[in-house]
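# What the coordinates show
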Amino acid sequence: MTKSKTVEAIELPLNQILSGDCIDVMNALPAGSVDLIFADPPYNLQLKGDLHRPDNSLVDAVNDHWDQFSSFAVYDDFTRKWLAAARRLLKPNGAIWVIGSYHNIFRVGTALQDAGYWMLNDVIWRKSNPMPNFKGKRLTNAHETLLWASRDEGSKYTFNYEALKELNDGVQMRSDWVIPLCTGHERLKDENGDKAHPTQKPEALLHRVLLATTNPGDVVLDPFFGTGTTGAVAKMLGRDFIGIEREEAYRKAAAERISRVRKFDASALEITGSKRAEPRVPFGQVVERGMLRPGEELFSIGNRYKAKVRADGTLVGNDVKGSIHQVGAHYEGAPSCNGWTYWHFKRDGKMIPIDILRQQIRSEMEVDQGGRRH
């Protein structure tokens, strides 16, 4: 059950919603304890008067007191203070996401860089169902901007590139994301049937952010928790969360929402990993373990070229010798070649890529002496 409480302890209050000013609460938490921060700060909208639709009905715009600042200077001071508190909480390899509109994101971006964060990407969230510009005096505001930054320039931040690629139908994920606004069953309502929060973010947006830049068991902090989208998605994806929210109504709505969320099972939480993160296997190890024998012939894709395996893990062809990569590149007249996928061996009349042997060794490397997988 998700709890709402005011933080006073030094221990990390995992999977709780903390009451209070975000700067004070963050400064009371242990330094270097959080893997990722997702922040949806007040936008400081410069709205002048009510906004009406063509039929004269009132638009439910953001006019809450928490989004009101007396001047840009006051807003900038607030931004600098919460960004400093957030950076203190991040682990050395931690990162932050901040989302905003044209009203505030450029000011936040400057403060982010001034605070020492290292900018990684800006992402355009393009809303497939934006609210029209009813006055017809400006372009329809159809996007918001997310800034992704690591704590330091040298931080080894998490980026699950392969998982995002698979999420995008096998194509490299771009920095423009088309995701609809939060509507329908996902939109939380209060007891009067009105929106529980004016700027509730869609779970699809947080799913993409957390899948891309965290791993199961990571700690995700949201200093402007609202109705708890970050916490709900974190719980689903097996991440721990910490929420900070000063408005009691939002805390209550978030706690009820998160209590209904079920965590996905362990197998569902596994994602496609980067091949770069897999253990390195020299081709020589394949030879010394007898998986291929010295003198055995390997054949190129299409069976156009062949080379013999040597005892030291190199290959020798008619006019070339070297590594599996060097010999393959020579035959193809290319600057480089992935020898693991280029070369094949014959078994029972079938051509089998030597990469099968590498994957077999990698699988064995993942099992420790007790028979358990790491």
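We now turn to the structure provided with this report. (Residues numbered from 1 in each chain as written. Predicted model: local features only at pLDDT ≥ 70, side-chain atom pairs only at ≥ 80, totals over all residues. Heavy atoms only, no water.)

Let us look at the overall build of the protein. Along the protein, the regular secondary structure elements total 12 helices and 15 strands. Among the 374 residues that make up the protein, the fraction classed as buried is 44%. A sequence separation of at least 24 residues applies to 65% of the contacts in the protein between residues at least 6 apart. (Helix = DSSP H or I, 4+ residues; strand = E, 2+ residues; numbered from the N terminus. Buried < 20%, exposed > 50% of the residue type's maximum accessible area, 1.4 Å probe, protein only. Contact = heavy atoms within 4.5 Å.)

Before going further, it helps to spend a moment on the packing of aromatic side chains. Within this structure, the stated rule accounts for 13 aromatic pairs. With a centroid separation of 5.4 Å and 85 degrees between ring planes, the pair formed by Trp148 and Tyr157 is classed as edge-to-face. Judged by centre distance (5.7 Å) and plane angle (15 degrees), the ring pair of Phe225 and Phe241 falls under stacked. Here Phe225, found in the loop between β8 (219-222) and α6 (229-236), pairs with Phe241, found in strand β9 (residues 240-244); they are 16 residues apart in sequence, far enough to count as distant. Assigned by exposure class, Phe225 and Phe241 land together as buried. These aromatic residues form a ring-pair network of at least three members: Trp97, Trp148, Tyr157, Phe159, Tyr161 and Trp177. The ring centre of Tyr117 lies 5.9 Å from the NZ or CZ of Arg87, which sits over that ring. If you follow Lys346 out to its NZ or CZ, it ends over the ring of Phe299, 4.6 Å from the centre. (Phe/Tyr/Trp six-rings, centres within 6.5 Å; stacked < 30°, edge-to-face > 60°. Lys NZ or Arg CZ within 6 Å of the ring centre and 35° of its normal.)

Checked against the element boundaries, Ser300 lands in the loop between β10 (297-299) and β11 (306-309). The class for Ser300 is buried, based on a relative accessible area of 1%. Excluding residues within four positions of it along the chain, Ser300 makes contact with Tyr305, Tyr342, Trp343, His344 and Met351.

Before going further, it helps to examine the pattern of salt bridges. Applying the stated criterion across every chain, the model contains 14 salt bridges. Two residues, Asp176 and Arg174, come together in a salt bridge whose shortest N-O distance is 2.8 Å. What makes Asp176 partly exposed here is its relative accessible area of 35%. On the accessibility criterion, Arg174 (58% relative accessible area) is exposed. As a salt-bridge pair, Arg257 and Glu203 come within 3.0 Å of each other at their nearest N and O atoms. (Salt bridge = Lys/Arg side-chain N within 4 Å of Asp/Glu carboxyl O.)

Between helix α5 (residues 203-213) and α6, the shortest axis-to-axis distance is 9 Å and the interhelical angle comes to 55 degrees. With respect to each other, α5 and α6 are oriented oblique. Seen along the crossing, α5 lies across α6 with a hand that is right-handed. The residues of α6 that touch α5, namely those facing Glu203, Leu206, His207 and Leu210, are Thr229, Thr230, Ala232, Val233, Ala234 and Met236. Its residues placed into classes, the contact of α5 with α6 shows 6 nonpolar, 3 polar and 1 charged. (Axes fitted to C-alpha atoms, helices over the stretch in contact; angles between N-to-C directions. Parallel < 35°, antiparallel > 145°, perpendicular 65-115°, else oblique. Left-handed = near helix turned anticlockwise from the far one by under 90°. Nonpolar A, V, L, I, M, F, W, Y, C, P; charged D, E, K, R; others polar.)

Residues Ile105, Val108, Gly109, Ala111 and Leu112 constitute the buried set of helix α3 (residues 105-114). All buried residues of α3 fall inside an arc of 165 degrees around its axis, so they share one side. Counted as exposed and oriented over 90 degrees from the buried face of α3: Phe106 and Asp114. Here the buried face of α3 lies against α2 (72-89), β4 (90-100), β5 (118-126) and β6 (143-150). At the C-terminal side of α3, Gly116 shows a positive phi close to 105 degrees. (Arc of directions from axis to C-beta.)

A few words now on the nonpolar core. Among the nonpolar cores identified, the biggest contains 34 residues, and Trp97, Leu146, Trp177, Leu205, Val209 and Leu210 are the most heavily contacted of them. Elements with a contribution of two residues or more to this core: β3 (34-39), β4, β5, β6, α5, α6 and α7 (248-259). Here this core gets 5 residues from one element, more than from any other, and that element is α5. Dropping the residues within four chain positions of it, Trp177 is found in contact with Trp97, Val123, Ile124, Trp125, Arg126, Leu205, Arg208 and Val209. Formed by 31 residues, the second largest nonpolar core is a distinct cluster that contains Ile37, Ala85, Leu90 and Ile96. (Core = buried A, V, L, I, M, F, W, Y, C linked by side-chain atoms within 4.5 Å.)

Take the pairing of β6 next. Here β6 lies mainly inside the structure; 7 of its 8 residues are buried. Two elements, β5 and β6, share 8 bridges in a ladder whose sense is antiparallel. Bridging across to β6, Ile124 finds its partner in Thr145. (Pairing = 2+ DSSP bridges.)

Next up on the list: the environment of Thr79. In this structure, Thr79 sits in helix α2. If we ignore the near neighbours within four places in the chain, the residues touching Thr79 are Val108 and Ala111.

A separate point is unusual backbone geometry. Residue Asp169 is not a glycine yet carries a positive backbone phi of 60 degrees. Mapped onto the elements of the fold, Asp169 is located in the loop between α4 (161-167) and β7 (176-178). Even without being glycine, Asp348 reaches a positive phi, approximately 55 degrees.

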